[in-house]
Amino acid sequence: FKSVIAQTVPRERLVAYLSTVSLLLSSLSLLAATEAMVARGTDCLLYPGADGSLSLATRKTLLHALTLKGLSLSAPLAVLTPTPLTGLPLGSYLFDALLLMTRHRIKRLVIWQGQEVAGILHLTQVLGLFSTHSHVLTLRIARADSPAALEAVAREQQQLIRSLFAQGIHTLFL
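Conventions adopted
Residues numbered from 1 in each chain as written. Predicted model: local features only at pLDDT ≥ 70, side-chain atom pairs only at ≥ 80, totals over all residues. Heavy atoms only, no water. Helix = DSSP H or I, 4+ residues; strand = E, 2+ residues; numbered from the N terminus. Buried < 20%, exposed > 50% of the residue type's maximum accessible area, 1.4 Å probe, protein only. Contact = heavy atoms within 4.5 Å. 1 Å grid on protein atoms, 1.4 Å probe; cavity = no way out; pocket = protein on both sides within 12 Å on 5 of 7 lines; lining within 4 Å. Points joined across faces, edges and corners; volume = space filled by probe spheres on them. Nonpolar A, V, L, I, M, F, W, Y, C, P; charged D, E, K, R; others polar. pLDDT = per-residue confidence, 0-100. Axes fitted to C-alpha atoms, helices over the stretch in contact; angles between N-to-C directions. Parallel < 35°, antiparallel > 145°, perpendicular 65-115°, else oblique. Left-handed = near helix turned anticlockwise from the far one by under 90°. Pairing = 2+ DSSP bridges.

### Considering the overall build of the chain
Then step 1. Check the secondary structure of the chain and you find eight helices and five strands.
Then step 2. Ordered by position from N to C terminus, the α and β elements of the chain give α-α-α-β-β-α-β-α-β-β-α-α-α.
Then step 3. Per-residue burial for the chain yields a buried fraction of 35% across its 174 residues.
Then step 4. Here the analysis covers contacts within the chain between residues at least 6 apart in sequence; of these, 54% occur between residues at least 24 apart.

### Structural notes on the layout of surface pockets
Here the idea is plain: a probe the size of a water molecule rolls over the atoms and shows the empty space left.
Then step 1. For the largest pocket, the calculated volume is near 690 Å³.
Then step 2. In this structure, the largest pocket is lined by 25 residues; those nearest its centre are L18, S19, Q125, R143 and D145.
Then step 3. Considering only residue class, the lining of the largest pocket consists of 10 nonpolar, eight polar and seven charged.
Then step 4. Put simply, the second largest pocket is a space of about 510 Å³.
Then step 5. Surrounding the second largest pocket, 20 residues form its lining, L56, T58, T61, T83 and R108 being those nearest its centre.
Then step 6. Taken together, the elements giving at least two residues each to the lining of the second largest pocket come down to β2 (54-58), α4 (59-67) and β4 (108-113).
Then step 7. With four residues, the top contributor of residues to the lining of the second largest pocket is α4.
Then step 8. Taken together, the residues of the lining of the second largest pocket break down into nine nonpolar, six polar and five charged.

### Some details on the environment of P48
Then step 1. Structurally, P48 can be placed in strand β1 (residues 44-48).
Then step 2. Each C-alpha atom, one on P48 and one on S26, is 5.9 Å from the other, the two residues being 22 residues apart in sequence.
Then step 3. Other than its neighbours up to four places away in sequence, P48 contacts L24, L25, S26, S53 and L54.

### With respect to the confidence of the model for the chain
In regions of low pLDDT, the predicted coordinates are not meant to be interpreted in detail.
Then step 1. Averaged over all residues, the pLDDT of the chain equals 81, while 78% of them reach at least 70.
Then step 2. Counting contacts from residues 1-12, a segment whose pLDDT is below 50, to residues more than four positions away or on other chains yields 19 contacts.

### As for helix α5 (residues 94-104)
Then step 1. Buried within α5 are the following residues: L94, F95, A97, L98, L100 and M101.
Then step 2. Looking at the residues trailing α5, positive phi occurs at R105, about 55°.

### Some words on unusual backbone geometry
Then step 1. The backbone phi angle of R105 is positive, close to 55°, even though this residue is not glycine.
Then step 2. As for its placement among the helices and strands, R105 is situated in the loop between α5 and β4.
Then step 3. Overall, R105 belongs to the exposed group, its relative accessible area being 78%.

### Here's the deal with the packing of helix α3 (residues 30-40) against α4
Then step 1. Where α3 meets α4, the closest approach of the two axes is 11 Å, and the angle between their N-to-C directions is 150°. Between α3 and α4, the interaxial angle falls into the category roughly antiparallel. In terms of crossing hand, the pair formed by α3 and α4 is left-handed. In this structure, α3 contributes L30, T34 and M37 to the contact, and α4 contributes R59, L62, A65 and L66.
Then step 2. Within the contact of α3 with α4, the residues separate by chemical class into five nonpolar, one polar and one charged.

### Overview of the sheet that holds strand β3 (residues 87-89)
Then step 1. Pairing within the open sheet is mixed, and its three strands lie in the order β3-β4-β5. Strand pairing shows two members of the sheet lacking a second neighbour, β3 and β5 (116-122), which therefore form its edges. The sheet shows a mean angle of 30° between the axes of neighbouring strands, direction not considered.
Then step 2. By the bridge criterion, six bridges tie β4 to β5 in an arrangement that is antiparallel. Across the sheet, residue Q113 finds its bridge partner in β5, namely E116.

This is the structure we're talking about:
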């Protein structure tokens, strides 16, 4: 099964689905971090921990810090509980990303290019590639922020249909 999926979804597809990384200083306030995520259109960020390793914070992390832990808006990112990173190298298959996300019950993977972070891969992006459900396509269309991004969604959908058809899955059944 894995080899069929791997043939349907080439390795280079991983690069196309990466979100840019917001790497912020751990001394930045929770308010400033939230404003940075909004300004960049991201839902997560990376920041260095006390030991120098990177940690991931999401909108939910920041919300819980403010509401459930009662931290102030001026508290630095450094006071958050560190979240270890789970990731894959840049040349990995998307199917491996899906397996890793499922195994660890996570929604985001850090994609590494050597020792540097190449980007963040979101579960919705991976599921979108493996799914033919209209709500996933609608989500991808909604996330498109330019005509070029919308054209890319259309091209990828056509390429996925061609690949599925080549594997014996006909569009009448999709």
